[in-house]
Amino acid sequence: MLTVITVWIFHIRHFRFVHETGLSIIYGVIAGLIINYAPGDHSIQNRTVFDSEIFFYVLLVPIIFHAGYSLKQRHFFRNIAGILVYALIGTTISTFIFGGIMYWYVAAGNENIDMGIVDCLSFGALISATDPVTVLAIFSEMRADVDLYALMFGESVLNDAVAIVLFRTIASYQPGLNNAFDAAGFFKSIGVFLGIFVGSMAIGLAVAMVTALFMKQSTIKHHPLLETAAFVLLSYSSYLAAEAVGLSGIVSVLFTGMGQAHYTFNNLSEESQNRTKQFFELLNFLAENFVFSYLGLSLFTFPSHVWRPGFIIVSILACILSRMCNVFPLSFVLNLFKKPYKRIPLKFQLMMVWAGLRGAIAFSLASSETVTEAQKIILTTTLMIVLFTVLVFGGGTTMMLQFLKIRVGVSDDDEVPTSNYVSNSKQNPLANHQPQEGQASLVRRFLNFDQNYLKPVFDSRYVDVAEPDTGFGSVLASFKNRKGPRPVPVVDASPDELAAKGKTRLDRDGDDESLDDTPKISGSSSVKLQLGD
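Residues numbered from 1 in each chain as written. Predicted model: local features only at pLDDT ≥ 70, side-chain atom pairs only at ≥ 80, totals over all residues. Heavy atoms only, no water.

- Per an unreviewed UniProt entry, the protein carries the name Sodium/hydrogen exchanger and comes from Capsaspora owczarzaki.
- Per UniProt, the comment on the protein under Sequence similarities (unreviewed entry) is "Belongs to the monovalent cation:proton antiporter 1 (CPA1) transporter (TC 2.A.36) family." (UniProt positions renumbered as here; feature names shortened; annotations may be inferred.)

Here it is in structure tokens:
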């Protein structure tokens with residue numbers, strides 16, 4: 001409650017130095033100090049330690065799902081190539097560079113730390129999970145450059161999934177005798193990584209597509225409360241399904257969120273659209289602030305801290321260096337394949353390095369295993385890294401934006417698309433998601449496949465102009481033509497809603513699109529408004 005009140009005051013006074021996550025940490029630290037040093041019975045300390053399963057099953061699920069569900073698709077797809085490179089290749093680079101530096105430090109005999117290569121690489125994997133929630137909140141409030149926002153947000157969303165799978169994969173690696181490199185074990189770990197990531201992604205997308213079909217073909221939208229309940233339960237089921245078969249529930253629920261935003265959202269009634277967005281935004285706010293509050297609290301109440309000052313300092317420096325080795329080389333490679341006006345400028349790269357904060361994911365992974373002394377050192381060090389990056393780098397975001405002269409006050413619609421692929425979004429609901437010239441051929445082919453085949457099946461805004469909508473039979477009809485049915489955006493609304501709200505429809509990004517055509521009421525309880533070309 002203190003965090004909520006303080007954030008409200010800060011918003012009124014436009015004070016941006018400390019974000020709500022930083023406030024949660026500070027209040028958690030104060031509470032930890034009181035519990036630890038107050039006179040009297042200290043048995044309450046034992047009750048402040050939570051099982052790590054609570055983090056993964058209760059707290060992280062809404063955080064990760066909201067990250068995927070709140071994704072702004074237009075800017076995400078416009079920067080998809082860079083996002084994938086930073087998230088997949090960049091996270092792997094950061095993991096091995098950070099792990100290598102820390103292994104070099106402990107192998108030199110500093111502070112007599114007993115930590116093997118697997119422990120160091122596991123530390124590198126969990127600490128590579130960036131969580132720039134503080135920076136992104138400031139970006140959103142100041143309306144910073146939309147492409148920079150999309151790069152950082154998209155990378156952080158996928159980066160969490162990659163880091164979690166890397167962490168599990170490295171933990172399963174068994175080195176040879178005397179910690180010797182085992183080539184067979186190494187390639188087996190790569191296979192485990194790919195299997196877990198692809199399998200979890202497939203489950204997440206499958207759940208999203210099943211939900212989209214159910215919402216599109218059923219009449220549950222006439223009962224918004226039941227519709228919202230079904231949406232929430234089906235979304236959470238992807239996490240349970242992936243965990244049940246030994247895959248990553250976090251990765252699965254992330255892609256479920258992205259799939260629900262891309263396909264299912266437009267099939268929901270307007271009331272359920274607003275309700276689900278607000279519901280998951282609230283859950284994300286509460287869960288994230290609870291995690292950061294607990295992080296500050298555990299600084300003094302966790303019973304197994306092992307402090308190694310030199311190790312902590314080297315870890316912070318290694319975080320910065322590994323982030324630089326991730327962003328700068330990959331940006332250079334990406335710019336080689338981009339047109340001059342589409343290249344990632346140096347000031348964007350510097351901001352991405354600055355904004356590589358650590359947060360809830362890193363802390364949750366570190367707290368999942370605290371048996372050995374090495375794992376306790378890693379947890380303590382992770383706490384200090386999160387504190388340092390959130391309070392120092394997060395607090396200096398506004399200053400860095402001004403120093404780097406990055407545009408602020410930018411509207412989503414300020415930039416006019418230059419690609420021939422892009423058309424009027426009011427005529428084509430996929431216009432904002434079309435690939436742009438210069439993007440990778442594979443990405444372009446996928447987006448074309450999505451437009452021609454998947455969207456007509458799963459998105460209610462698309463109808464086959466040659467075939468009537470006949471329930472589930474229309475799903476098969478969507479595949480008749482090789483290029484798919486011509487997409488025609490439609491809007492479902494009851495006559496009462498049309499009379500009360502006018503001919504508008506809340507689209508995915510929250511903007512109202514005017515509907516110029518007069519609705520034709522066919523006698524049913526709902527009507528479809530079609531936009532001509």
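**A few points about the overall build of the protein**
Then step 1. On a plain count of helices and strands, the protein comes out with 21 helices and four strands.
Then step 2. Among the 533 residues that make up the protein, the fraction classed as buried is 53%.
Then step 3. Here the contacts in the protein between residues at least 6 apart in sequence split such that 78% fall between residues at least 24 apart.
Then step 4. Summing over all exposed atoms, the protein offers an accessible surface of approximately 24000 Å²; the carbon and sulfur share of this is 64%. (Helix = DSSP H or I, 4+ residues; strand = E, 2+ residues; numbered from the N terminus. Buried < 20%, exposed > 50% of the residue type's maximum accessible area, 1.4 Å probe, protein only. Contact = heavy atoms within 4.5 Å. Areas by Shrake-Rupley, 256 points an atom, 1.4 Å probe, with all protein chains shown as cover.)

**Describing helix 9 (residues 146-172)**
Then step 1. If you check helix 9, its first and last C-alpha atoms are 39 Å apart, about what 27 residues at 1.5 Å a residue would give, namely 39 Å.
Then step 2. Its axis deflected by about 25° at Asn159, helix 9 carries its strongest bend there.
Then step 3. Taken across its 27 residues, helix 9 has 23 buried, putting it largely inside the fold.
Then step 4. In this structure Asp145 caps helix 9, since a side-chain oxygen of it lies 3.0 Å from the backbone nitrogen of Asp147. (Expected span 1.5 Å × (residues − 1). Bend = angle between axes of the 7 residues up to and from the residue. Polar contact = N/O pair within 3.5 Å; in protein donor to acceptor, adjacent residues only side chain to side chain.)

**Quick look at the packing of helix 2 (residues 20-37) against helix 13 (residues 270-301)**
Then step 1. The geometry of helix 2 relative to helix 13 is characterised by a closest axis approach of 7 Å and an angle of 35° between their N-to-C directions. Every pair of crossing elements has a handedness; the one defined by helix 2 and helix 13 is right-handed. Residues Glu20, Thr21, Ser24, Ile25, Gly28, Val29, Ala31, Gly32, Leu33, Ile35, Asn36 and Tyr37 of helix 2 form the contact with helix 13, whose participating residues are Phe285, Asn289, Phe292, Ser293, Leu295, Gly296, Leu297, Leu299, Phe300 and Thr301.
Then step 2. Residue composition of the contact of helix 2 with helix 13, grouped by class: 12 nonpolar, nine polar and one charged. (Axes fitted to C-alpha atoms, helices over the stretch in contact; angles between N-to-C directions. Left-handed = near helix turned anticlockwise from the far one by under 90°. Nonpolar A, V, L, I, M, F, W, Y, C, P; charged D, E, K, R; others polar.)

**Observations concerning the packing of helix 14 (residues 309-336) against helix 17 (residues 373-393)**
Then step 1. It is the contact of helix 14 with helix 17, at a shortest axis distance of 10 Å, that shows an interaxial angle of 55°. Here helix 14 is positioned oblique relative to helix 17, judged by the angle of their axes. Between helix 14 and helix 17 lies a crossing of right-handed hand. Along its contact with helix 14, which presents Phe311, Ile312, Ser315, Ile316, Cys319 and Ile320, the element helix 17 presents Ile377, Thr381, Met384, Ile385, Phe388 and Phe393. (Parallel < 35°, antiparallel > 145°, perpendicular 65-115°, else oblique.)

**Things to note about a nonpolar patch on the surface**
Then step 1. Side chains of Met1, Val4, Ile5, Trp8, Ile9 and Ile12 sit close together on the surface and give an oily, nonpolar patch of about 630 Å² of accessible area.
Then step 2. One can find Val4 in helix 1 (residues 2-13). (Patch = residues over 30% accessible without salt bridge, like charges linked within 9 Å, V, L, I, M, F, W, Y side chains within 5 Å. Salt bridge = Lys/Arg side-chain N within 4 Å of Asp/Glu carboxyl O.)

**Thoughts on the packing of aromatic side chains**
Then step 1. For the structure shown, the criterion picks out 20 aromatic pairs.
Then step 2. Counting every residue linked through ring pairs, the aromatic cluster contains Phe65, Tyr69, Phe231, Phe265, Phe279 and Phe280. (Phe/Tyr/Trp six-rings, centres within 6.5 Å; stacked < 30°, edge-to-face > 60°.)

**A few points about the side chain of Glu155**
Then step 1. Along the chain, Glu155 turns up in helix 9.
Then step 2. Judged by its relative accessible area of 2%, Glu155 falls in the buried class.
Then step 3. Side chain to side chain, Glu155 and Arg323 meet in a polar contact 2.8 Å long.
Then step 4. For Glu155, the contacting residues outside a window of four places in its chain are Ile83, Tyr86, Ala87, Ala150, Arg323, Asn326 and Met352.

**Thoughts on the side chain of Ser238**
Then step 1. Within the secondary structure layout, Ser238 lies in helix 11 (residues 224-244).
Then step 2. For Ser238, a relative accessible area of 0% puts it in the buried group.
Then step 3. In contact with Ser238, other than residues within four places in its own chain, are Ile203, Gly204, Val207, Ser252, Val253 and Thr256.

**Re the confidence of the model for the protein**
Then step 1. Across the protein, the average pLDDT comes to 76, with 73% of residues at 70 or higher.
Then step 2. The low-confidence segment residues 414-438 (pLDDT under 50) makes 59 contacts with residues lying over four places distant or belonging to another chain.
Then step 3. Every residue in residues 464-499 scores below 50 in pLDDT, and together they form 69 contacts with partners more than four places removed in sequence or on other chains. (pLDDT = per-residue confidence, 0-100.)

**Digging into the environment of Phe193**
Then step 1. Among the secondary structure elements, Phe193 is positioned in helix 10 (residues 183-217).
Then step 2. On the basis of relative accessibility, which here comes to 17%, the residue Phe193 falls in the buried class.
Then step 3. A C-alpha to C-alpha distance of 8.7 Å links Phe193 and Ile170, two positions 23 residues apart in sequence.
Then step 4. If sequence neighbours within four positions are ignored, Phe193 has contacts with Val162, Val165, Leu166 and Thr169.

**Quick word on the pattern of salt bridges**
Side chains that carry opposite charge are capable of pairing whenever their charged atoms lie near each other.
Then step 1. Scanning all chains against the criterion turns up five salt bridges.
Then step 2. Its salt-bridge partner being Arg323, residue Glu155 comes within 2.8 Å of it at the nearest N-O pair. You can see Glu155 sitting in helix 9 and its partner Arg323 sitting in helix 14, a full 168 residues away along the chain.
Then step 3. We note a salt bridge from Lys455 to Asp459, for which the minimum N-O separation is 3.0 Å.
Then step 4. Take Lys455: its relative accessible area is 0%, and that puts it in the buried class.

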